[in-house]
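# A structural walkthrough
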Amino acid sequence: MTTGRNDVTIHVQEPTGTRVSPDLWGLFLEDINYALDGGLNADLVRNGDFEATGADRPGWGPLTGWDPEADADGVRVRSDRPVSAANATYVRIAAGSRLTNRGYDPEGMLVREGAYRLRLAVRRAAPSAGAHASLTTADGDALARVEIPAAADAWSWVEVDLTSTATTRAALSIEVVEGAVDVDLVELRPVDPQGRARLFRPDLVETLRALRPAFVRFPGGCVAHGYGLDNMYHWKRTIGPRERRVPMPNTWGYHQSMAIGYHEYFLLCEELGATPMPVVAAGVCCQNVPGGPQAIPQQRMPQYVQDVLDLVEYANGGPETRWGAVRAAAGHPEPFGLRYLGIGNEDVVDAQFADRFGQLFAAVREQYPDVTVIGTLGPKPYGPDYDAGWELARRLEVPMVDEHSYRSPRWLLQHLERFDHYDRSGPAVYLGEWAAHSSTMRSALAEAAYMTAVERNSDVVRLSSYAPLLARVGSTQWLPDLVYFTDDEVRPSPSYHVQRMMAEVRGVEVLGCATTGHTDRPQPPPAMQRVTLRSPGSTTRFTAIQVGGTAHPDQVVGTEGTASLTTDGTELELVATRTDGEEGFVVGFGGADGETVHEFQVGGWRNESLILARRDDGIGNEVDGPHPFDGVRPAVPLHVRVTVEDARIRVWLDGALVHDHEDDLRPWPDLVAGATSGPDGRTHVTLVSLADEDRTAHLVVDGVRGAAPATVTTLAGGSPDVGRPFEASPVEPVATVAELADGRAAVPVPAWSLVTVQVGQAT
């Protein structure tokens, strides 16, 4: 076989003996970016429980999301005689007054032609009372109107249907025409063809279903261990009737109604055909709270341990058990089939964590030995918590650990052999939260290449899930995300299409796969031909600037500005003095082309840390740190010195060595391939092109005789930089049909693309 300059050969060989984990690809669903209320939760009403407070977000209150139209006493927030202690706030509406909710979009909630079920708690607050609810357009035109019965002076539940006559933006109004009425826990949900109020938004559910998830991890993430002990997620407070669920501030800065609680998470898993994977706090809250991580007091730990055991019983116990009976009473007598339980999330792995985790792990292992407990390795794939997490897991014989990797595309591509070297006798790995920084094809294809490495090593990496999953456009706290959405659109990212394509070709056994004809992309060493000075969140004066012995003029840089100096040397010195603002400053240095830049970030993360970061092609992450820092202070000069020697970077602050870093200069291949055998007799081949030119892959599959059909699916970006956050991917997978003759075929591989080939006829 002859090959041209742009040709490569992929030789698929015998099985390697590594079985692919059947649970390898799954989902991680955290209530971040309004993923639930305002997203997956089909309820259109914002703050329908009137429980929003300034603890959710400064300036919020019980009427956030509502527009009252009344005189001074027409709409009053009250908390006497509430519907329940868990939902203590409600609203009294007097005659002649109206309360209007436009949902999560300033233009109004999107309604379509059809029925919507209004459900709310109502109480008569005057000897006689009359009220109605209506849907109106933004122009005030009526779409639907129904009476709200309020005959009793005790709380009662009212369910009535409003039928919209058009598809439009709308508002829900509750108006009292006589007397006074108390209202609480207002919901408006579309009605499905079977006449049931929808629990989940169907287009988002279908988008998730297309990923064929083997499992769903929930409810967090940081949401699980909370921003302080009072904010820790307790599953028992999220089940049962809506009025008994305890809403609370979301870790990510908004209101969490708990309309979607643990029971609904389990139902979603069932809807998706995925096994549930709850993650509970390890008895310790998030370390980012003032004062650091706090542990549940020892005297309260027995009850907390029992709560975790009760969760497993709620999921798996028969209806004759205490918590299985609670589940059955909620309408689900059959067990949910929980097989995995996460304990902890990105924690500081110190003595108090080890103690609390140890208590929980021992109790679950003793009572539920068939449940796989998943420990935590901290927030990064390296560092002190990562090392301490591995040591603790090995010592306690924890079966699986949760590794997180939010990294740059470059980092992923330089670590394709990472899992080749993991200890096969130790705990297995769940790659629980990971993504390449950006919503571009460059990141998506780096993820695809990394997934081939994960699949090749799925004897040790048993589970994997991208994060975050969902993000409401205009209400995001984290980028990038897998799926963006608005009220009327679902916008999958390029990374979504990668995840979907990989899920569609999951195999059962790893095959040998040899690639020839590809080239390696070299990595440039650190350089100091261009220096950039930034000061986000403050104003900083930079003086005594010297690079390679050459002096440069003083620079004053504000929040939005950047000073750029053309230089040449291997040593940089300067003095930085903050003159205004609350944050720190950034000293960057790199090559003349600006494609690779290193940054010394002084006062990162709330002016509390020192970080050395690297950015390639505009996408980066930290390479050393963060290290604790007392912060940049006004009018206090700080002396910075940086030296570069080959791959080594050293950084001093006021004479103290802060960073001594050896840059990773390993090249990566411009084509990555993997292969597995499928359960249906087919062979699955995955090709990831990181090259700037189109090529042809000459595919050779051992053991195939005669003519064999093949389905070729291609996601081609053309450019690595297409794709933006909040937008739908500009490219989508395209499937074509090919044929192998005696196991050979020429497969087009476009520049910057993912190509999957399924060889053989499915049974």
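Structure first, text after, so check above.
If you're wondering where the values come from, they're calculated on a predicted model, not measured in any experiment. (Residues numbered from 1 in each chain as written. Predicted model: local features only at pLDDT ≥ 70, side-chain atom pairs only at ≥ 80, totals over all residues. Heavy atoms only, no water.)

Before going further, it helps to spend a moment on the environment of Asn101. Tracing the backbone through its elements, the reader meets Asn101 in strand 6 (residues 97-101). Asn101 has contacts with Leu44, Val45, Arg46, Gly65, Trp66, Met109, Ala171 and Leu172, leaving out every residue within four places of it along the chain. Side-chain polar atoms of Asn101 contact the backbone nitrogen of Gly103, separated by 2.8 Å. (Helix = DSSP H or I, 4+ residues; strand = E, 2+ residues; numbered from the N terminus. Contact = heavy atoms within 4.5 Å. Polar contact = N/O pair within 3.5 Å; in protein donor to acceptor, adjacent residues only side chain to side chain.)

In terms of nonpolar packing, the biggest core is built from 124 residues, with Leu29, Tyr262, Phe266, Tyr304, Leu341, Tyr450 and Leu470 touching the most fellow members. Those residues within four positions of Tyr262 in sequence are excluded, and the remaining contacts are Phe218, Pro219, Tyr233, Trp235, Thr238, Ile239, Pro278, Val279, Val280 and Leu311. (Core = buried A, V, L, I, M, F, W, Y, C linked by side-chain atoms within 4.5 Å. Buried < 20%, exposed > 50% of the residue type's maximum accessible area, 1.4 Å probe, protein only.)

Right, let's talk about the pattern of salt bridges for a bit. Applying the stated criterion across every chain yields a total of 49 salt bridges. Put simply, Glu433 and Arg217 hold a salt bridge, and the shortest N to O gap is 3.0 Å. Of this pair, Glu433 sits in strand 21 (residues 428-436) while Arg217 sits in strand 14 (residues 215-218), and the two are 216 residues apart along the sequence. No difference in accessibility class separates Glu433 from Arg217, as the two residues are buried. (Salt bridge = Lys/Arg side-chain N within 4 Å of Asp/Glu carboxyl O.)

This part takes up the side chain of Thr89. Within the element layout of this structure, Thr89 appears in the loop between strand 4 (75-78) and strand 5 (90-94). Contact partners of Thr89, with chain neighbours within four places excluded, come to Asp49, Phe50, Glu51, Pro62, Val77, Arg78 and Asp184.

Attention shifts here to the packing of aromatic side chains. Geometrically, a pair of aromatic rings is defined through the distance of the ring centres and the angle of the planes. This structure, assessed with the given rule, holds 28 aromatic pairs. Consider the rings of Phe266 and Phe336, whose centres lie 4.8 Å apart with planes at 10°: the pair is stacked. Taken together, the residues span a long stretch of sequence, with Phe266 in helix 4 (residues 262-272) and Phe336 in the loop between helix 6 (322-329) and strand 18 (340-343) at a distance of 70 residues. By the ring-pair criterion, three or more aromatic residues cluster together here, those being Phe218, Tyr233, Trp235, Tyr262, Tyr265, Phe266, Tyr314, Trp323 and Phe336. Geometry around Phe28 places Arg217 over its ring, the cationic atom sitting 4.3 Å from the centre. Taking NZ or CZ as reference, Arg442 lies 5.4 Å from the ring centre of Trp752, over its face. (Phe/Tyr/Trp six-rings, centres within 6.5 Å; stacked < 30°, edge-to-face > 60°. Lys NZ or Arg CZ within 6 Å of the ring centre and 35° of its normal.)

We now examine helix 2 (residues 202-209). Listing the buried residues of helix 2 in full gives Leu204, Val205, Thr207 and Leu208. Along the long axis of helix 2, the arc covered by the buried residues comes to 160°, so they all point the same way. (Arc of directions from axis to C-beta.)

The next subject is the sheet that holds strand 5. With antiparallel pairing, 5 strands are arranged side by side in an open sheet as 4-5-13-8-11. Pairing within the sheet leaves two strands with one partner each, and these edge strands are strand 4 and strand 11 (156-164). The sheet shows a mean angle of 35° between the axes of neighbouring strands, direction not considered. (Pairing = 2+ DSSP bridges. Axes fitted to C-alpha atoms, helices over the stretch in contact; angles between N-to-C directions.)

Summarising burial for strand 9 (residues 130-137): 8 of the 8 residues are buried, a large majority. Burial along strand 9 is two-sided: the face carrying Gly130, His132, Ser134 and Thr136 and the face carrying Ala131, Ala133, Leu135 and Thr137 are both buried. Bridge count between strand 9 and strand 12 (residues 168-178): 8 bridges; the pairing is antiparallel. Its bridge partner lying in strand 12, Ala131 is registered against Val176. By the bridge criterion, 6 bridges tie strand 9 to strand 10 (residues 142-148) in an arrangement that is antiparallel. The partner of Leu135 across the bridge, within strand 10, is Ala144.

Next up on the list: the sheet that holds strand 32 (residues 562-566). Strand order in the open sheet formed by 6 strands is 32-28-34-35-36-37, and the pairing between neighbours is antiparallel. Taken across any chain shown, the strands that pair with only one partner, and hence form the sheet edges, are strand 32 and strand 37 (619-628). Across the sheet, the axes of successive neighbouring strands diverge by a mean angle of 15°, strand direction being ignored. Note: strand 36 (residues 609-616) against strand 37, 7 bridges, orientation antiparallel.

Considering the arrangement of structural elements, one finds Val640 in strand 38 (residues 638-645). Given the relative accessible area of 0%, Val640 is considered buried. On a C-alpha basis, the gap between Val640 and Ala656 in space is 9.5 Å, while along the polypeptide they are 16 residues apart. With near-sequence residues (within four places) excluded, Val640 lies in contact with Leu572, Glu573, Leu574, Phe585, Phe600, Trp652 and Leu653.

Let us look at the side chain of Ser689. Examined against the element boundaries, Ser689 turns out to sit in strand 43 (residues 683-689). Here Ala691 takes part through its backbone nitrogen, which lies 3.4 Å from a polar atom of the side chain of Ser689. Excluding its chain neighbours within four sequence positions, the residues that come into contact with Ser689 are Leu445, Asp670, Arg695, Val749, Pro750, Ala751, Trp752 and Ser753.

Time to look at the packing of helix 5 (residues 301-316) against helix 7 (residues 351-367). If you want to describe how two helices pack, look at the angle between their axes and the distance between the axes. Relative orientation of the contacting elements helix 5 and helix 7 amounts to 45°, with a least axis distance of 10 Å. Taken together, the axes of helix 5 and helix 7 are oblique relative to one another. Crossing handedness for the pair helix 5 and helix 7: right-handed. Where helix 5 approaches helix 7, its residues Met301, Tyr304, Val305, Val308 and Leu309 are matched on the opposing element by Arg356, Gln359, Leu360, Ala363, Val364 and Gln367. Here the contact of helix 5 with helix 7 is built from residues that sort into 8 nonpolar, 2 polar and 1 charged. (Parallel < 35°, antiparallel > 145°, perpendicular 65-115°, else oblique. Left-handed = near helix turned anticlockwise from the far one by under 90°. Nonpolar A, V, L, I, M, F, W, Y, C, P; charged D, E, K, R; others polar.)

Below, the discussion takes up helix 8 (residues 384-396). Taking 1.5 Å of rise per residue, the 13 residues of helix 8 would be expected to cover 18 Å, and the 18 Å separating its terminal C-alpha atoms lies within 8% of that figure. Of all the residues in helix 8, the buried ones are Asp385, Tyr386, Gly389, Trp390, Leu392 and Ala393. Buried residues in helix 8, looked at end-on, bunch into an arc of 165°, giving them a common side. Turned more than 90 degrees away from the buried face of helix 8, the exposed residues are Pro384 and Arg395. Trailing helix 8 by a residue or two, Glu397 shows a phi angle of about 60°, which is positive. (Expected span 1.5 Å × (residues − 1).)

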